[in-house]
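This is what each chain is made of:
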Amino acid sequence: MRQRMLSSALAVVCFVIGYLFWHFYRLPFVELEKELQAIKADGEPMRFEDIVLPVPSSQNAAVIYQQAINALPNLSWNGLETLDAFRFGHRVDEASVRNILKRCQKSLALVKKASRYPHSRWVKWQPCPYSIELRHPSGLRQLLRYLEAEALLFLQEGNVDEALNNCLTAIRIAEHLWEEPVAAHAVYALASFRSAARIVQRVQGSKGIPPEWVTRLMRLISRWDGDEALIRWLQMERVMHIQFFDWLRASPKDAREFALMWSEDCCIYPGGNIAGWMQPISRQLAINELILLRFDRRLLEIARRGEPYDWNEFKLLDEKAIRTKAFGFTFERPKFLRGFAFRPFAMAGEMLISSGFKSERNLPELARSFEVIAETKALQRLLQAALALSLYRHEIGSYPVALADLVPRCLPEVPKDPFDGKPVRYRRKGKGFKLWSVGSNLKDDGRIKQMQADIVLEVN
């Protein structure tokens, strides 16, 4: 009798242990399915096609942009330096600039034509993010450089309309790029806004911007919705995570390779991640995908709250991501295993921490998308304020003492700095003015143009 009771108790204990083990094993699969179902129930996009709708080839400007890039001349280093010096207002040989731009006329004509198309589709989508093809290399930045230089040359010749037409082209390029919200496009769109801002400040400081052009530029600049762009960008990041892990599940060999090598070098020499050998690959993928999707959800919640963003919140998220990446241990004994790491969450941690694209950042890694959006918003609002100032001066004869004087005559409200939520900074300076945002260090650096963090638009 006693033996039967012990056997029954042992069977119950084994059953409970087996159930707990099975429950523990199945938990990441169950939680991941819940997370995916919640995304679907919220009506959130889960495929690339849900965010970027296809367009007819007759409305797609990407092919013409590519033709413009292919037609770019090969300039020497001295030629590029001459062009940049001219763009930033230094004394250069104007004949050299004209010669350079003459060689670029075919590209410039094509990029202006492309900018007038309603849509542009640059991305050749692949489930693996490392195989996604972007059909615009660094040549797009070159096109912006030439557009800006040509605008300044038009201005010197007194042709304000053509100079401002190049400004319109730069802004339309940014609009096209934001139709497909991926990180590289965000950087190029920001460069487009910078080019537009430099053209505006030079035109306004020289000939002044005609009222009819103020209206056209204001309408076009105001069309871009930074909040919507940020949400679509974060949704795109999540779609990339979902489709990447689906691709890994369909490619077990690739999945094993990622699990073994990602962020911990290779398992065949010290520094390797041996977590890949110690649990089924399907469970590893579920755990890592679940971590990423929960981070994505948190970032989208922050984005939907709107600005000003709580930048300290990103520091806490960063610390959590770093702990995720470092979760596990390194073997010290036995000696032959010394240096090998056990990092079960390395895949998620690496995607969270190492996917930034700005080389110098004042804010945490996980704030990278918010920072780029905030900088683009700042330029947008500085441009809006500068155009309103131009209109005010045309009507009144001088610039106002404060931006509040523009309301409601030229602006519905004073634009706010997206970095700290306060009104953008402004002061009159001689016969011109200076507008600025505090930038990513969140400090007002005393209106000093050389301070890299402040975003400045100055008209002399």
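Before reading on, note that the structure itself is shown above.
First, a word on what this report is: a plain description of the structure on this page. (Residues numbered from 1 in each chain as written. Predicted model: local features only at pLDDT ≥ 70, side-chain atom pairs only at ≥ 80, totals over all residues. Heavy atoms only, no water.)

## Focus: the sheet that holds strand β7 (residues 455–459)
Okay, step 1: Across the sheet, which stays open at both edges, the three strands sit in the order β5-β6-β7 with antiparallel pairing between neighbours. Two strands close off the open sheet at either side, each with one partner strand: β5 (425–429) and β7. Here the average twist between neighbouring strands, direction ignored, is 15°.
Okay, step 2: Helix α9 (residues 183–206) rests against β6 (432–437) and β7 of the sheet, and its axis sits at about 25° to β7. (Pairing = 2+ DSSP bridges. Helix = DSSP H or I, 4+ residues; strand = E, 2+ residues; numbered from the N terminus. Axes fitted to C-alpha atoms, helices over the stretch in contact; angles between N-to-C directions. Contact = heavy atoms within 4.5 Å.)

## Quick word on the packing of helix α7 (residues 139–156) against helix α8 (residues 160–178)
Helix packing for two helices is described by the angle between their axes and how far apart those axes are.
Okay, step 1: Remark: α7 packs on α8, axes separated minimally by 7 Å, with the N-to-C direction vectors making an angle of 160°. Between α7 and α8, the angle falls in the class roughly antiparallel. Two packed elements cross with a definite hand, and for α7 against α8 that hand is left-handed. On the side of α7, the interface is formed by Leu-140, Leu-144, Leu-147, Glu-150, Ala-151, Phe-154 and Leu-155, while α8 contributes Val-160, Glu-162, Ala-163, Asn-166, Thr-169, Ala-170, Ile-173 and Leu-177. (Parallel < 35°, antiparallel > 145°, perpendicular 65-115°, else oblique. Left-handed = near helix turned anticlockwise from the far one by under 90°.)

## A short note on the environment of Gln-380
Okay, step 1: One can find Gln-380 in helix α16 (residues 368–396).
Okay, step 2: Look at Gln-380 and you get buried, because its relative accessible area is 5%.
Okay, step 3: In this structure Gln-380 touches Phe-193, Ile-221, Ser-222 and Trp-224, once residues within four positions along its chain are discounted. (Buried < 20%, exposed > 50% of the residue type's maximum accessible area, 1.4 Å probe, protein only.)

## Concerning the packing of aromatic side chains
Okay, step 1: All told, the structure shown has 13 aromatic pairs when counted by the stated rule.
Okay, step 2: Ring centres 6.0 Å apart and planes at 20° place the aromatic pair Phe-244 and Trp-247 in the stacked group. Taken together, the positions of Phe-244 and Trp-247, both in helix α11 (residues 226–250) and three residues apart, correspond to about one turn of that helix.
Okay, step 3: The class of Phe-244 is buried, set by a relative accessible area of 0%.
Okay, step 4: Through successive ring pairs, a cluster of aromatic residues spans Tyr-309, Trp-311, Phe-314, Phe-370 and Phe-419.
Okay, step 5: The side chain of Arg-216 reaches across the aromatic face of Trp-213, ending 4.4 Å from its centre.
Okay, step 6: The lysine or arginine in question, Lys-320, covers the ring of Phe-295, its NZ or CZ lying 5.7 Å from the ring centre. (Phe/Tyr/Trp six-rings, centres within 6.5 Å; stacked < 30°, edge-to-face > 60°. Lys NZ or Arg CZ within 6 Å of the ring centre and 35° of its normal.)

## What about the environment of Asn-441?
Okay, step 1: Its location among the elements puts Asn-441 in the loop between β6 and β7.
Okay, step 2: Judged by its relative accessible area of 24%, Asn-441 is partly exposed.
Okay, step 3: As a C-alpha pair, Asn-441 and Asp-454 span 13 residues in sequence and 8.1 Å in three-dimensional space.

## A short note on α8
Okay, step 1: For α8, spanning 19 residues, the distance from its first C-alpha to its last is 28 Å, which sits close to the expected 27 Å at 1.5 Å a residue.
Okay, step 2: The buried count for α8 comes to 16 of 19 residues, which makes it a mostly enclosed element. (Expected span 1.5 Å × (residues − 1).)

## Overview of unusual backbone geometry
Okay, step 1: Here the bond from Glu-307 into Pro-308 is cis, since omega is -5°, no more than 30 degrees from zero.
Okay, step 2: The topology assignment puts Pro-308 in the loop between α13 (281–305) and α14 (311–326).
Okay, step 3: In the segment running from Val-407 into Pro-408, the intervening peptide bond is cis, with an omega of 0°.
Okay, step 4: Examined against the element boundaries, Pro-408 turns out to sit in the loop between α16 and β5.
Okay, step 5: One non-glycine residue, Leu-442, adopts positive backbone phi at about 60°.

## Some remarks on the pattern of salt bridges
Okay, step 1: Within the structure shown, the criterion is met by 32 salt bridges.
Okay, step 2: Where Arg-98 meets Glu-157, a salt bridge forms, and the shortest distance between an N and an O atom there is 2.6 Å. Taken together, the residues Arg-98 in helix α5 (residues 94–103) and Glu-157 in the loop between α7 and α8 connect sequence positions 59 residues apart.
Okay, step 3: Here Arg-223 and Glu-175 are joined by a salt bridge, their closest N and O atoms 2.7 Å apart. Placement of the pair is Arg-223 in the loop between α10 (211–222) and α11 and Glu-175 in helix α8, with a sequence separation of 48 residues.
Okay, step 4: Each of Asp-84, Arg-87, Arg-145, Glu-148 and Arg-198 takes part in one network of salt bridges that share partners. (Salt bridge = Lys/Arg side-chain N within 4 Å of Asp/Glu carboxyl O.)

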